[in-house]
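The lines below spell out each chain.
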Amino acid sequence: MNKKLAAALSGGAVLVLALTGCGGDDSNEKLDSWANQVCDAVQPQAKKIAAANAAIQKETSDNSTPEDVQKTDSKAFQDMSDAYKAIGAAVNKAGAPDVENGEKKQTDAVKELNGISASYASLKKQVDELDTDDQAKFADGLKDIATELDKLSKSGNNALKTLEEGEVGKAMARQPSCKTATAPGQAAQN
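Treat the numbers as computed from the prediction; the structure is a model and nothing was measured.

Colleague: Describe in detail the overall build of the protein chain, supporting the description with residues and values.
Modeller: Helix and strand content of the protein chain: ten helices and zero strands. The order of helices and strands in the protein chain, counted from the N terminus, is α-α-α-α-α-α-α-α-α-α. Residues classed as buried in the protein chain amount to 46% of the 190 residues present. Surface summary for the protein chain: the accessible area is close to 9400 Å², and the carbon and sulfur share equals 49%.

Colleague: Go over the nonpolar core with me, naming the residues and quoting the values.
Modeller: Among the nonpolar cores identified, the biggest contains 38 residues, and Trp34, Phe77, Val91, Tyr120 and Met172 are the most heavily contacted of them. When residues of this core are traced back to their parent elements, those giving at least two are helix H3 (29-59), helix H4 (66-94), helix H5 (102-128), helix H6 (135-154), helix H7 (158-163) and helix H8 (166-173). The element best represented in this core is H3, accounting for ten residues. If near-sequence neighbours (up to four positions away) are discounted, Trp34 is found in contact with Ala94, Gly95, Ala96, Pro97, Leu163, Val168 and Met172.

Colleague: Talk me through the environment of Lys104; I want residue IDs and the actual numbers.
Modeller: By secondary structure assignment, the location of Lys104 is in helix H5. Owing to a relative accessible area of 53%, Lys104 belongs among the exposed residues under this scheme. Once the C-alpha coordinates of Lys104 and Thr162 are considered, the two residues, 58 residues apart in sequence, prove to be 9.8 Å apart. Polar contacts involving the side chain of Lys104 include one to the side chain of Asp108, which spans 2.7 Å.

Colleague: Explain the packing of aromatic side chains to me, using residue names and the numbers behind them.
Modeller: By the definition in use, this model includes two aromatic pairs. Ring geometry for Tyr84 versus Tyr120: centroids 5.7 Å apart, planes at 5°, classification stacked. With Tyr84 in helix H4 and Tyr120 in helix H5, the pair connects residues that are 36 residues apart, well separated along the chain. Relative accessible area serves as the criterion here: at 1%, Tyr84 is assigned to the buried category. Through pairs of rings, three or more aromatic residues link up here, namely Phe77, Tyr84 and Tyr120.

Colleague: Can you tell me about the side chain of Thr132, naming the residues and giving the values?
Modeller: Its place among the elements puts Thr132 in the loop between H5 and H6. Judged by relative accessible area, Thr132 falls into the buried class, the value being 16%. Every residue in contact with Thr132, bar those within four places of it in the chain, is listed here: Pro66, Glu67, Gln70 and Phe138.

Colleague: Explain the confidence of the model for the protein chain residue by residue, including any values.
Modeller: Model confidence for the protein chain is summarised by a mean pLDDT of 80, while 77% of its residues fall at 70 or above. For the stretch residues 20-25, pLDDT sits under 50, and the model shows 14 contacts to residues farther than four places along the chain or on other chains. Every residue in residues 182-190 scores below 50 in pLDDT, and together they form eight contacts with partners more than four places removed in sequence or on other chains.

Criteria and thresholds
Residues numbered from 1 in each chain as written. Predicted model: local features only at pLDDT ≥ 70, side-chain atom pairs only at ≥ 80, totals over all residues. Heavy atoms only, no water. Helix = DSSP H or I, 4+ residues; strand = E, 2+ residues; numbered from the N terminus. Buried < 20%, exposed > 50% of the residue type's maximum accessible area, 1.4 Å probe, protein only. Areas by Shrake-Rupley, 256 points an atom, 1.4 Å probe, with all protein chains shown as cover. Core = buried A, V, L, I, M, F, W, Y, C linked by side-chain atoms within 4.5 Å. Contact = heavy atoms within 4.5 Å. Polar contact = N/O pair within 3.5 Å; in protein donor to acceptor, adjacent residues only side chain to side chain. Phe/Tyr/Trp six-rings, centres within 6.5 Å; stacked < 30°, edge-to-face > 60°. pLDDT = per-residue confidence, 0-100.

Below you can see the structure in the form of structure tokens.
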């Protein structure tokens, strides 16, 4: 059961990965400036989300007490909620990217990021309300949360993908902070 939760949680990190593009070197100063602003803001949040995922995976080993799992999950969900909200605020603050339909792409992405933030806040509330004195009830509650997490990890990054299509993705790929925000193993080295 705890392993299912850990597996579902690792999907959350995928959402942040959607914020980085790949390839391309056609320069557009306005767009590069926009991408740099967003990438610089995303990097610390991506690390926060990765750390929260790691904490949950570490704590969901079968020998952890329900209290420890609850405490760790609650903090991790709060951290993830805060991180997605901060990413949404960064995309909002950066303004619309200088591309066709840039305003719609920006608005949709901010709305989606705020929705993801609210979902993690809801999961935090759910985990806080679990009964840690009754192991069976606690396990059932965690299963429900794992199911919600699984849905969350599979949905919700369509607007982010749309935001980073084409020129925006190329501009983001040129930003050093976007590259390091998601490169495997990089977070520990910085």
